[in-house]
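Descriptive structure summary
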Amino acid sequence: MMKKGSFIRVLVSRWTVLLSVILIALFIIAAVFAPLLMPYDPLAMDLPNRLAAPSLKHLLGCDLMGRDIMSRIIYGARTSMLIAFVSIIIGGIAGTLLGLVAGYFGGVVDTVIMRLTDAMMAIPQIVLALGIGVALGRSTLNLMIAIGVSSVPAYIRMMRGQTVSTKNQMYVLSANVIGCSDSRVMYRHILPNSISPLIVTATINLGGAIMAEASLSYLGLGVPPEIPAWGTMVSDGFQYIETAPMLSVIPGLCIMLVVLAFNIFGDGLRDMLDPRVRGSL
Amino acid sequence: MTQYIVKKIFQALLVLLIVTFISYLIMELIPGDAVDFLLGLEATPEKAAALRASLNLDKPFIVRYFMWLGGLFRGDMGTSIFYNDSVTNILVKKLLVTFRMGFAALIISTVVGITLGVVSAVNRGGFWDNLISFFANIGISIPAFWLGILFIILFAVKMKVLPVQGYTDPSADFWLHTKQMVMPVIVTAVGALSSMVRQTRSAVLETISQDYVRTAREKGLRERAILIKHVLRNALIPILTLLGMQIRVLFGGVVIVENIFAIPGMGRLLVNSVFNRDITVVQGCILIMGIVVIIANLLVDVSYGFVDPRIREIKDVA
């Protein structure tokens, strides 16, 4: 059932996916090469330049302590990306393993893991991350663990579903019959077949992790205050919204753009990898 | 059907028990306890030991967990060391504020979200679809705290049509209350609304391509009848599933939004209590949020049975 607009839609959606990839690449470059790209030290205070307007010297102006906003935005990309990628690795590995085990063995193991997942899914993700972060103490590593653990249920559900649907396939049953160990079957036969949904889940979760980090930093419960982070910048600028609204607007815009890019990229990936949807966008 | 409902209730109770354990465990891991807070610099080993014993802090973890759990059954969630009041009392006051706001956001996000999702799917590929999908994508990506600040800059600072922040009880000044709640409710609703649009759109598109819809169209039914009787009824299951999950998302949003707009609800209480190290209050907040989400999901599970006779029968056999 092809409608007139659908060709344009395919073009538009591919075009947005392309744009999101470029945007993600830019932010990753900013994160990796932050020390080379920052015009100033993001922590250097310069009180005479307090709340300075954008100029050739300070492209985005200065914050309430006279720190260069451009440099802080670039360093903020590093904070965001680092926390998001590490927490995704932590949550992804833990969730994938648990989902795999739950789906493969079934029975009591499955029930225990799934009810635990349900319980974690009953608590809002930001509250869960906040609770775990507080319990572990405030540091960047602990924040990564907290955000990672709070994202675990998404991977468990996805991986369990994948495992349940592949474990009765002929090639898995054959591997069982010729005497492969359970761990070998899971690692060599079931996991590789679940790689594409796993990548899609992880990509979409990257946006979620960036959002979680920014929200916690906004509340003052994220990265330690001395590390430049976009969420902290939005919250610091809030006191000056009448005189210098850009202090909050610019870092917030960065958060939205990068989360949007990961969401669109994740959707694009899913459509490309899912043969059911492919071609019918 | 009864068997299905009973099974779901038992599952929900089990999950609830695990939630109580998680919320107790998380707070237990925090270094330092209430005694350090209460005594501060005056702490001597003897005083600390005596106070610990009186607060039962000298008992092992699992014993204290069961004592706390026992208290929960009597509606006793412990005492706040910061407010020096029972946690139940504090929470009841804050709950009403949060519920009123969350409920308004839920209604808006569901009604507007489903409507826009259907419009988007019916006009698939057209102008309205592209426009709605574009804004839905932005809506799920926009940080609530930033959207809140943009709203404040636009409507409170520049246009001066709404108050910046604050909260007035509706019984004191209903008009001011309404004006103060406009921005927080919309900001809370945006994320949930956008995911509702996307879910509805894909659910409707999935059903529209089914054979029975083609049959209905070919036997000459009007588009409106097809949409309501055949498409929407069948697209209802995925929409219901999302509706259950929305409560969790809305609670997450409320935590942020209450802090931007200085609304004295549960979200603000939770964050303040984290800063105050007021552990019993934090436990209480996590628990209440968990209970509400679990009840919402239970209602969704039960309603599946009413909406879809297939689920009712399959589950009864299994």
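Note that this is a predicted model, so its numbers are computed, not measured.

**Notes on the overall build of chain A**
Scanning chain A for helices and strands turns up 11 helices and 0 strands. Listed by position from the N terminus, the elements making up chain A come as α-α-α-α-α-α-α-α-α-α-α. By its C-alpha atoms, chain A is 75 × 55 × 35 Å across when sized along the principal axes. Within the span of chain A, comprising 281 residues, buried residues form 53% of the whole. Intrachain contacts of chain A at a sequence separation of at least 6 include 71% that bridge at least 24 residues. Taking the average place of the 19 positive charges on the side chains of chain A and the average place of its 14 negative ones, the gap between the two points comes to 12 Å.

**Here's the deal with the overall build of chain B**
Each helix and strand counted, chain B has 13 helices and 0 strands in total. Reading chain B from its N terminus to its C terminus gives the helix and strand order α-α-α-α-α-α-α-α-α-α-α-α-α. If you line up chain B on its principal axes, its C-alpha atoms span 85 × 60 × 35 Å. Split into buried and exposed, the 318 residues of chain B put 46% on the buried side. Counting only contacts in chain B whose residues sit at least 6 apart along the sequence, the fraction spanning at least 24 positions is 71%. Mean positive and mean negative side-chain charge positions of chain B (29 and 21 charges, respectively) differ by 9 Å.

**Notes on the nonpolar core**
Ranked by size, the top nonpolar core spans 138 residues in total, and within it A:Trp230, B:Phe145 and B:Ile152 carry the most contacts. Those residues in contact with A:Trp230 that lie beyond four places of it in its chain are A:Phe27, A:Ile73, A:Gly76, A:Ala77, A:Ser80, A:Pro251, A:Cys254, A:Ile255 and A:Val258. Counting residues in each nonpolar core, the second largest holds 14 residues, with B:Met196, B:Ile208, B:Ala216 and B:Ile239 among its members.

**A closer look at the interface of chain B and chain A**
Each side of the interface is counted separately: chain B has 51 residues, and chain A has 49 residues. When chain B packs against chain A, close to 4400 Å² is buried across both sides, 74% of that on carbon and sulfur atoms. Per-residue buried area on chain B facing chain A is highest for B:Phe145, B:Trp146 and B:Arg248; these three make up 16% of the total on that side. Here chain B and chain A share 1 salt bridge between them. At the surface where chain B touches chain A, the tally comes to 6 residue pairs in polar contact (both at pLDDT 80 or more). Looking at the side of chain B that touches chain A, the elements that each hand over two or more residues are α1 (2–28), α6 (127–141), α7 (144–158), α8 (174–208), α10 (223–260), α11 (266–276) and α12 (279–307) of chain B.

**A few points about the confidence of the model for chain A**
Residue and element names in this part refer to chain A. Confidence in the prediction for chain A averages 85 pLDDT; 93% of positions are at 70 or higher. Mean pLDDT across the elements of chain A ranges from a minimum in helix α1 (residues 6–32), with 78, to a maximum in helix α3 (residues 69–105), with 93. Residue range residues 1–7 is modelled with pLDDT below 50. Its contacts to residues more than four positions away, or to other chains, number 5 contacts.

**Quick notes on unusual backbone geometry**
In this structure, B:Lys160 is a non-glycine residue whose phi angle is positive, near 55°. Turning to its location among the elements, B:Lys160 is positioned in the loop between α7 and α8.

**A look at empty space enclosed by the protein**
Applying the stated criterion to the full structure yields 3 cavities of 30 Å³ or more. Lining the largest cavity are A:Asp63, A:Leu64, A:Arg67, A:Ile69, A:Arg72, A:Met233, A:Asp236, A:Gly237 and A:Leu247. Of all the secondary structure elements, the ones that give two or more residues to the lining of the largest cavity are α3 and α10 (230–237) of chain A. When residues in the lining of the largest cavity are grouped by element, the largest group, 3 residues, is from α10(A). Here the lining of the largest cavity is built from residues that sort into 4 nonpolar, 1 polar and 4 charged. What lines the second largest cavity is simply A:Val134, B:Met27, B:Ile30, B:Ser273, B:Val274, B:Arg277, B:Asp278, B:Ile279 and B:Val282. Sorting the residues of the lining of the second largest cavity by element identifies α11 and α12 of chain B as the ones contributing at least two each.

**As for a nonpolar patch on the surface**
Residues and elements named next belong to chain A. A surface patch of nonpolar side chains, amounting to about 640 Å² of accessible area, comprises Ile-28, Ile-29, Val-32, Phe-33, Leu-36, Leu-37 and Phe-85. Elements with a contribution of two residues or more to the nonpolar patch: α1 and α2 (34–37). With respect to the secondary-structure elements, Phe-85 resides in helix α3.

**Overview of the pattern of salt bridges**
Residue and element names in this part refer to chain B. In total, this model carries 8 salt bridges over all chains according to the counting rule given. With a shortest N-O distance of 3.8 Å, Lys-8 and Asp-301 are connected by a salt bridge. Of this pair, Lys-8 sits in helix α1 while Asp-301 sits in helix α12; the two residues are 293 residues apart in sequence, bridging distant segments of the chain. Under the relative-accessibility criterion, Lys-8 is labelled buried at 15%.

**So, the environment of B:Asp301**
Considered as a pair, B:Asp301 and B:Ile237 are 64 residues apart in the sequence and their alpha carbons are 9.9 Å apart. The residues contacting B:Asp301, other than those within four sequence positions of it, are B:Tyr4 and B:Lys8.

**Details of the environment of B:Leu131**
Residue and element names in this part refer to chain B. Locating Leu-131 in the fold gives a position in helix α6. Judged by relative accessible area, which is 32%, Leu-131 ranks as partly exposed. Distance from Leu-131 to Ser-120, taken between C-alpha atoms, is 8.6 Å for residues 11 residues apart in sequence.

**What about the packing of aromatic side chains?**
Each pair of aromatic rings is reported with the distance of its centres and the angle of its planes. Taken as a whole and assessed by the stated rule, the structure comprises 14 aromatic pairs over all chains. With a centroid separation of 6.5 Å and an interplanar angle of 75°, the aromatic rings of A:Phe85 and A:Phe262 are classed as edge-to-face. With a gap of 177 residues between them, A:Phe85 in helix α3 and A:Phe262 in helix α11 (residues 246–273) connect regions that are remote in the sequence. A centroid spacing of 4.6 Å and a plane angle of 15° characterise the contact between A:Tyr218 and B:Phe145, whose relative ring orientation is stacked. A residue pair is termed interchain when its members come from two chains, as with A:Tyr218 in helix α9 (residues 195–219) and B:Phe145 in helix α7. Grouping residues by exposure puts A:Tyr218 and B:Phe145 together as buried. Connected via pairs of aromatic rings, a cluster forms that spans B:Phe21, B:Tyr24, B:Phe61, B:Tyr65, B:Phe66 and B:Trp68.

**Concerning the packing of α9(A) against α10(B)**
With their axes 11 Å apart at the nearest point, α9(A) and α10(B) run at an angle of 35° to one another. Here the hand of the crossing between α9(A) and α10(B) comes out left-handed. Contacts from A:Ser215, A:Tyr218 and A:Leu219 in α9(A) reach B:Val255, B:Ile256, B:Asn259 and B:Ile260 in α10(B). Split by residue class, the contact of α9(A) with α10(B) holds 5 nonpolar, 2 polar and no charged.

Conventions adopted
- Residues numbered from 1 in each chain as written.
- Chains lettered and ligands numbered in written order.
- Predicted model: local features only at pLDDT ≥ 70, side-chain atom pairs only at ≥ 80, totals over all residues.
- Heavy atoms only, no water.
- Helix = DSSP H or I, 4+ residues; strand = E, 2+ residues; numbered from the N terminus.
- Buried < 20%, exposed > 50% of the residue type's maximum accessible area, 1.4 Å probe, protein only.
- Contact = heavy atoms within 4.5 Å.
- Lys, Arg positive; Asp, Glu negative; His and termini not counted.
- Charge placed at Lys NZ, Arg CZ, Asp CG, Glu CD.
- Core = buried A, V, L, I, M, F, W, Y, C linked by side-chain atoms within 4.5 Å.
- Buried area = accessible area lost by both parts, 1.4 Å probe.
- Salt bridge = Lys/Arg side-chain N within 4 Å of Asp/Glu carboxyl O.
- Polar contact = N/O pair within 3.5 Å; in protein donor to acceptor, adjacent residues only side chain to side chain.
- pLDDT = per-residue confidence, 0-100.
- 1 Å grid on protein atoms, 1.4 Å probe; cavity = no way out; pocket = protein on both sides within 12 Å on 5 of 7 lines; lining within 4 Å.
- Points joined across faces, edges and corners; volume = space filled by probe spheres on them.
- Nonpolar A, V, L, I, M, F, W, Y, C, P; charged D, E, K, R; others polar.
- Patch = residues over 30% accessible without salt bridge, like charges linked within 9 Å, V, L, I, M, F, W, Y side chains within 5 Å.
- Areas by Shrake-Rupley, 256 points an atom, 1.4 Å probe, with all protein chains shown as cover.
- Phe/Tyr/Trp six-rings, centres within 6.5 Å; stacked < 30°, edge-to-face > 60°.
- Axes fitted to C-alpha atoms, helices over the stretch in contact; angles between N-to-C directions.
- Left-handed = near helix turned anticlockwise from the far one by under 90°.

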